[in-house]
Amino acid sequence: MKIDINNGWLWSPVYSTDMPDESMEQVRIPHTVARTPLNYFSEDVYQMLSLYRKRFFAPKDWEGSKVYVTFGAVAHEAEVFINGVSAGVHSCGYTAFTVDLTEHLMFGGDNVLEVKCDSREDLNIPPFGFVIDYMTYGGIYREVSLEVKPADHIRDVFVRASMSGDMHISTAVEGTGELSASVSSVKTGEVVYSGPLLPEADIKIESPFLWSIDDPQLYELTVKLKNGGREDSFT
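The rules we used
- Residues numbered from 1 in each chain as written.
- Predicted model: local features only at pLDDT ≥ 70, side-chain atom pairs only at ≥ 80, totals over all residues.
- Heavy atoms only, no water.
- 1 Å grid on protein atoms, 1.4 Å probe; cavity = no way out; pocket = protein on both sides within 12 Å on 5 of 7 lines; lining within 4 Å.
- Points joined across faces, edges and corners; volume = space filled by probe spheres on them.
- Nonpolar A, V, L, I, M, F, W, Y, C, P; charged D, E, K, R; others polar.
- Core = buried A, V, L, I, M, F, W, Y, C linked by side-chain atoms within 4.5 Å.
- Buried < 20%, exposed > 50% of the residue type's maximum accessible area, 1.4 Å probe, protein only.
- Helix = DSSP H or I, 4+ residues; strand = E, 2+ residues; numbered from the N terminus.
- Contact = heavy atoms within 4.5 Å.
- Phe/Tyr/Trp six-rings, centres within 6.5 Å; stacked < 30°, edge-to-face > 60°.
- Lys NZ or Arg CZ within 6 Å of the ring centre and 35° of its normal.
- Salt bridge = Lys/Arg side-chain N within 4 Å of Asp/Glu carboxyl O.

Student: So what's going on with the layout of surface pockets? Residues and values would help.
Tutor: The space that makes up the largest pocket amounts to roughly 330 Å³. The wall of the largest pocket is formed by 18 residues, among which Ala 161, Ser 162, Met 167, Ile 205 and Tyr 219 lie closest to the centre. Of the residues in the lining of the largest pocket, the class split is 13 nonpolar, 3 polar and 2 charged.

Student: Can you lay out the nonpolar core for me, pointing to particular residues and giving the numbers?
Tutor: Trp 9, Tyr 52, Val 69, Phe 71, Leu 101, Leu 113 and Ile 140 are the most contacted members of the largest nonpolar core, which has 32 residues in total. Breaking this core down by element, the ones donating at least two residues are strand S2 (9-12), strand S4 (49-58), strand S5 (66-71), strand S7 (77-82), strand S9 (97-100), strand S10 (109-118) and strand S12 (144-149). When residues no more than four places from it in sequence are discounted, the contact partners of Phe 71 are Trp 9, Val 80, Ala 96, Phe 97, Val 115, Ile 140, Glu 143 and Val 144. Core analysis: the second largest hydrophobic core is formed by 14 residues, Ile 169, Leu 179, Ala 181 and Ala 201 among them.

Student: Provide a residue-level description of the packing of aromatic side chains, including the pertinent values.
Tutor: Taken as a whole and judged by the stated rule, the model has 3 aromatic pairs. With a centroid separation of 6.4 Å and 80° between ring planes, the pair formed by Trp 9 and Tyr 52 is classed as edge-to-face. Highlighted residues: Trp 9 in strand S2 and Tyr 52 in strand S4, separated in sequence by 43 residues. Just as Trp 9 is buried, Tyr 52 falls in that class too. An angle of 15° between the planes, with centres 5.1 Å apart, marks the rings of Phe 71 and Phe 97 as stacked. Of the two residues, Phe 71 sits in strand S5 while Phe 97 sits in strand S9, which places them 26 residues apart along the sequence. The exposure class assigned to Phe 71 is buried, which follows from its relative accessible area of 0%. Judged by relative accessible area, which is 9%, Phe 97 ranks as buried. Ring pairing ties together the aromatic residues Trp 9, Trp 11 and Tyr 52, which thus form one cluster. The side chain of Lys 116 reaches across the aromatic face of Tyr 15, ending 5.2 Å from its centre.

Student: Quick rundown of the pattern of salt bridges? Include the residues and the values.
Tutor: Tallied over the full model, the rule gives 13 salt bridges. Measuring nitrogen to oxygen at the nearest pair gives 2.7 Å for the salt bridge that ties Arg 53 to Glu 114. One end of the pair, Arg 53, is in strand S4; the other, Glu 114, is in strand S10, and 61 residues separate them in sequence. Among the residues examined, Arg 53 registers a relative accessible area of 4% and is labelled buried. Through salt bridges with shared partners, one network takes in Asp 21, Arg 53, Arg 55 and Glu 114.

This is the structure:
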């Protein structure tokens with residue numbers, strides 16, 4: 001289950017661990033820490049250590065699941081806190097990242113999600129290092145979502161395929177269970193492969209139809225994880 005949480009954030013241009021809500025500005029994500037004029041301005045205007053805060057309720061029936069928060073991007077370094085505990089740090093303003101909140105959540109109660117956002121230029125964080133000639137920015141400038149997943153689930157799947165039909169599948173699993181894979185033709189619905197899967201596995205599609213402009217072909221891979229009566233899938 002994916003839940004967008006872009007509304008109802010608070011923001012302060014000054015970072016403090018005990019900042020009261022009433023001292024913060026109500027904002028919506030995506031957000032920038034500074035609106036800059038069209039004419040010349042100092043680059044210091046968007047370089048700051050600021051605070052984002054979001055309060056949310058975690059239902060009791062989430063207990064036993066894994067709960068993650070995913071940020072599309074935060075410029076340029078972000079430390080994520082849940083209920084006052086640091087849960088993860090991400091040092092790149094251009095890539096998405098996910099943080100596991102499960103261990104420190106209050107199920108059946110209110111929770112406080114905070115982001116310590118450092119938008120100051122740092123030579124150790126891309127793109128800085130005297131190699132750019134354009135203005136950067138700061139803030140949570142892409143969307144944010146919560147994901148509630150079973151305790152045993154597929155975290156990600158990476159696939160490499162060749163024209164010969166050889167495929168290498170790398171599956172990242174959280175928890176335990178039995179993996180299986182199926183490959184089907186999007187055009188016809190025909191299942192061209194089905195069988196058990198290891199976390200690192202090589203499979204082969206016999207006589208694959210290759211994509212062309214005149215006759216486009218597409219195959220769809222579905223990986224499933226089963227543990228008892230529970231099942232998670234990734235397509």
